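Examination of the molecular architecture
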Amino acid sequence: MRSKFSIKSITFLLFLVSFVAVAQHNGQSDAKNLPKEEKDLKTSIKEYIDHHLLDSYDFGLFSYKNDEGKKIHIGAPLPVILWDGGLKVFSSSKFHYGETVAEVDGSYYKMYHNKIYKTDATGAISYDAEHHPTNTKPLDFSITKNVVFIFLVALLMFFMFKKMAKNYKNNPLPKGVGRFLEPIILYIRDDIAIPNIGAKHYKKYMSYLLTVFFFVWIINLLGLTPLGVNVTNNIAVTFVLSLITFLLTTFTANKNYWGHIFWMPGVPKLMRIVLAPIEVLGMFIKPFSLMIRLYANITAGHIVLMSIIGLMFIFKSWIGSPLSFGLAFALSLLELLVAALQAYIFTMLSALYFGSAVEEHDDH
Amino acid sequence: MDKLINDFSLGLFVWMGVLFVLLVLLLKKFAWGPILEAVNNREEGIKSALASAEEAKKELQNLTADNANLIKEARAERDAMLKDAREIKEKMISEAKDEAKEEATKMIELAKTSIEQEKQSALAHLKKEVGELSITIAQAVVKKELSSQEEQIKLVEGMLKDVTLN
């Protein structure tokens with residue numbers, strides 16, 4: 001009952017926020033209707049997109065300029081956790097969205113391009129020749145927006161699937177959301193895990209494959225809401241996922257797998273020596289490609305979608321704006337497919353790599 | 001690549017790693033394990049139910065076949081019994097016939113011998129009677145004959161003649 005409530009409340013929250021975000025776009029177009037800001041519009045859209053693709057230290061829903069031209073941010077600050085000669089925890093509201101220097105226990109921190117640097121009381125940042133800040137960066141374990149969403153999705157998945165599992169105790173048939181989820185779980189088992197890994201070994205990988213599929217799918221779908229979630233287009237996130245795939249592959253591999261890497265059977269001896277370094281490289285390239293694929297697909301989707309939405313404000317005509325709206329709508333549908341497809345591909349390829357790690361064959 | 005490395009956030013990496021691994025482990029214990037087990041059990045149940053239905057069907061078929069066989073056997077047995085009975089009857093009849101014939105033959109034989117015996121004894125009796133009669137006659141004749149000498153000699157000679165002839 002409680003988990004049902006939490007799912008419903010999350011859905012409601014998403015729904016509510018989508019309205020707020022739509023309102024935000026309208027407001028923005030009104031504010032930037034002035035002709036003198038025409039040239040700035042393109043750059044500001046570009047900056048907005050760049051900004052969206054980055055993680056942020058606050059749960060920002062939207063911002064606008066009030067009558068005095070002051071920028072007002074609507075959202076909630078999130079805790080910043082730094083390790084800089086000691087643990088430092090403070091609210092991100094101290095930065096005032098990067099506008100001020102935060103002072104914590106005698107140390108000063110300044111946000112620059114969404115990264116926290118250590119500075120002095122005035123917030124001076126020194127740059128090198130390529131305009132990169134040279135200030136030291138404290139170790140940053142802040143609860144950023146992405147961390148919040150990872151946590152929320154994890155919570156959602158936990159309650160959703162726990163409830164589903166509970167239903168099976170009394171009834172052999174799925175109930176409620178389980179009716180939708182069970183075919184997917186069965187699909188992952190019967191069409192991804194068993195054919196690629198083999199009926200003998202697939203069981204030990206099932207938990208990871210199922211979790212990674214649903215996690216990536218749900219979080220990709222959340223990325224399509226106007227909430228501004230962009231978890232899977234952070235390289236750190238996809239790196240974790242592919243790292244787990246790599247570690248699982250490497251540590252569950254049998255001697256057959258290592259044999260194929262270091263001493264490829266069935267080819268001339270000289271070729272084996274040539275092949276070994278290539279195969280060793282392949283061990284790392286496979287998960288690396290997983291990481292880049294997911295990251296690049298989702299990032300590209302977000303950039304294109306937001307650019308087309310941005311076009312609406314640039315065209316400001318009766319033809320252009322509906323056209324770009326139509327395009328954005330079509331692209332959103334495509335992105336819905338991509339969200340599921342990337343989750344599928346990640347799961348599928350992980351299963352394939354696991355399969356190669358536990359494959360057993362005598363002849364070649 | 002440079003941008004990628006620059007964008008890499010250690011904090012996010014750590015949080016994601018911890019949360020995700022925790023999620024996998026928790027889901028494994030509370031969700032995936034029970035779900036997969038339940039689904040597996042259900043599938044096994046369906047499979048075994050189907051198999052047992054098939055088994056029952058086969059058994060029924062076997063039973064029907066057995067029944068048919070039983071009827072067939074019973075019929076064959078009945079036929080055999082009838083045939084036996086018929087054979088026994090025929091044999092008994094023929095045996096009885098043979099026995100009767102033999103008995104009859106024996107009785108006829110016995111009758112024949114007794115008839116023969118009776119005949120012999122009757123003949124003997126007749127012979128004796130005839131002998132006695134002839135002696136009586138002879139006595140009378142002799143008595144009469146022997147009254148003269150000549151007559152006596154003639155008689156003896158005649159008798160002697162008869163004796164040699166006998």
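Residues numbered from 1 in each chain as written. Chains lettered and ligands numbered in written order. Predicted model: local features only at pLDDT ≥ 70, side-chain atom pairs only at ≥ 80, totals over all residues. Heavy atoms only, no water.

1. Focus: the domain arrangement of chain A
In terms of domains, chain A is made up of domain 1 (79-142) and domain 2 (147-358). Computed from C-alpha coordinates alone, the two centres of domain 1 of chain A and domain 2 of chain A are separated by 34 Å. (Domains from an automatic or database assignment.)

2. So, the pairing of strand β3 (residues 79-83) of chain A
Residues and elements named next belong to chain A. Bridge count for β3 against strand β4 (residues 87-91) is 5 bridges, and the pairing is antiparallel. Within β4, the position partnered with I81 by the bridge is V89. Between β3 and β4, which pair antiparallel one after the other, the connecting turn spans 3 residues, and G85 there sits at a positive phi close to 65°. (Pairing = 2+ DSSP bridges. Helix = DSSP H or I, 4+ residues; strand = E, 2+ residues; numbered from the N terminus.)

3. Some points on the nonpolar core
Among the nonpolar cores identified, the biggest contains 73 residues, and F161 and F214 of chain A together with I35 of chain B are the most heavily contacted of them. Contributing elements (two or more residues each) for this core: α3 (145-170), α4 (177-197), α5 (203-223), α6 (235-252), α8 (269-315) and α9 (320-358) of chain A together with α2 (10-145) of chain B. Not counting residues within four places of it along the chain, the set of residues in contact with I35 of chain B comprises F161, M164, A165, Y168 and I185 of chain A. Ranked by size, the runner-up nonpolar core spans 10 residues in total, among them Y57, L82, F95 and M111 of chain A. (Core = buried A, V, L, I, M, F, W, Y, C linked by side-chain atoms within 4.5 Å. Buried < 20%, exposed > 50% of the residue type's maximum accessible area, 1.4 Å probe, protein only. Contact = heavy atoms within 4.5 Å.)

4. Brief notes about the packing of α5 of chain A against α6 of chain A
All names here are of chain A. For the pair α5 and α6, the least separation of the axes is 12 Å and the interaxial angle reads 165°. Judged by the angle between their axes, α5 and α6 are roughly antiparallel. In this structure, α5 crosses over α6, and the sense of that crossing is left-handed. From α5, Y205, Y208, V212 and V216 reach across to α6, where they touch L241, I244, T245, L248 and T252. Of the residues in the contact of α5 with α6, the class split is 7 nonpolar, 2 polar and no charged. (Axes fitted to C-alpha atoms, helices over the stretch in contact; angles between N-to-C directions. Parallel < 35°, antiparallel > 145°, perpendicular 65-115°, else oblique. Left-handed = near helix turned anticlockwise from the far one by under 90°. Nonpolar A, V, L, I, M, F, W, Y, C, P; charged D, E, K, R; others polar.)

5. Focus on the sheet that holds strand β8 (residues 139-140) of chain A
Strand order in the open sheet formed by 3 strands is β4-β3-β8 (chain A), with antiparallel pairing between adjacent strands. Every interior strand has two partners, whereas the edge strands, β4 and β8 of chain A, have only one.

6. Quick word on the sheet that holds strand β6 (residues 107-112) of chain A
All names here are of chain A. The 3 strands lie next to each other as β5-β6-β7, forming an open sheet whose pairing is antiparallel. Of all strands in the sheet, those with a lone pairing partner are β5 (102-104) and β7 (115-119), marking the two edges. Strand-to-strand, the axes of this sheet are offset by a mean angle of 35°, without reference to chain direction. Sheet topology note: the β6/β7 ladder contains 5 bridges and is antiparallel. Of the residues in β7, the one forming a bridge with Y109 is K118.

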